[in-house]
Amino acid sequence: GISIKRGPGTKDEPTLIPSAFSARLVGCICPDDSFTINYMWLHKGEPKRCGCGHWFKLVERAPV
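Definitions and cut-offs
The residue count restarts for each chain, going from 1 along the sequence in the order it is written. In keeping with the predicted nature of the model, local features appear solely for residues at pLDDT of at least 70, side-chain atom pairs appear and are counted solely at 80 or more, and the whole-chain, interface and lining totals rest on all residues. By convention in this description, side-chain values take in all heavy atoms of the structure and omit both hydrogens and water. Surface patches are drawn from residues lacking salt bridges whose relative accessible area is over 30%; two like charges belong together within 9 Å, two nonpolar side chains (Val, Leu, Ile, Met, Phe, Trp, Tyr) within 5 Å. Computed with the Shrake-Rupley method and a 1.4 Å probe, the accessible areas treat only the protein chains shown as cover for residues. Here, a salt bridge means any Lys or Arg side-chain nitrogen found within 4 Å of an Asp or Glu carboxyl oxygen. Think of it in three bands: residues with accessible area under 20% of the maximum for their type are buried, residues over 50% are exposed, and the middle band is partly exposed, with areas taken using a 1.4 Å probe on protein chains only. A strand pair is defined by DSSP finding two or more bridges across the two strands. Only DSSP runs of H or I reaching four residues or more are called helices, and only runs of E reaching two or more are called strands; each is numbered from the N terminus. Here, nonpolar core means buried Ala, Val, Leu, Ile, Met, Phe, Trp, Tyr and Cys residues that are tied together by side-chain atoms lying within 4.5 Å of each other. The contact criterion used is simple: two residues touch if any of their non-hydrogen atoms lie within 4.5 Å.

Visitor: Hey, could you go over a nonpolar patch on the surface for me, with residue numbers and the actual values?
Guide: Taken together, the side chains of Leu25, Ile29, Ile37, Tyr39 and Trp41 present a nonpolar region at the surface, about 520 Å² in accessible area. Using a relative accessible area of 46% as the deciding quantity, one classes Trp41 as partly exposed.

Structure below.
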C-alpha cells in the first residue's frame, strides 16, 4: 500500500486520497503513535470522518 501524509483533516480541508475507482479502503493510524489502524471505505463524492475526527475525501486519479 501507499502511505499518504495527512493534511489538515478538517471537514473543509479533508486529506485527499487519490483513486482510479469509485471507492477505496483506507486506514487511519490514530493517534499517530498508535499500533492500531482504523479501516474505512471512502466513496467518491462522500467525504468521511474517522472516529478520531480526521476527515478524508476520495479524489479521481487516472490509473497508472
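The rest of the description comes next.
Visitor: Which residues make up the sheet that holds strand E4 (residues 48-49), and what are the values?
Guide: Spatially, three strands are ordered E1-E5-E4 in an open sheet, and the strand pairing comes out mixed. Each of the sheet's edge strands pairs with one partner strand only, and the pair in question is strand E1 (15-19) and E4. One ladder, built from five bridges, connects E1 with strand E5 (residues 55-60); its direction is parallel. Paired with Leu16 across the two strands is Lys57, which belongs to E5.

Visitor: An account of the pattern of salt bridges is requested, with residue identities and associated values reported.
Guide: If you walk through the whole model with that rule in mind, you get one salt bridge. For Glu60, the salt bridge identified is with Lys44, shortest N-O distance 3.0 Å. Highlighted residues: Glu60 in strand E5 and Lys44 in the loop between strand E3 (38-43) and E4, separated in sequence by 16 residues. A residue is classified by how much of its surface remains accessible, and Glu60, at 64% relative accessible area, is exposed.

Visitor: Outline the nonpolar core, listing residues and values.
Guide: In this structure, Ile17, Val26, Cys28, Cys30, Met40, Leu42, Cys50, Phe56 and Leu58 together form the largest nonpolar core, which totals nine residues. Among the secondary structure elements, those contributing two or more residues to this core are strand E2 (23-28), E3 and E5. Apart from the residues within four sequence positions on either side, Met40 is in contact with Arg24, Leu25, Val26, Cys28, Lys48, Cys50 and Phe56.

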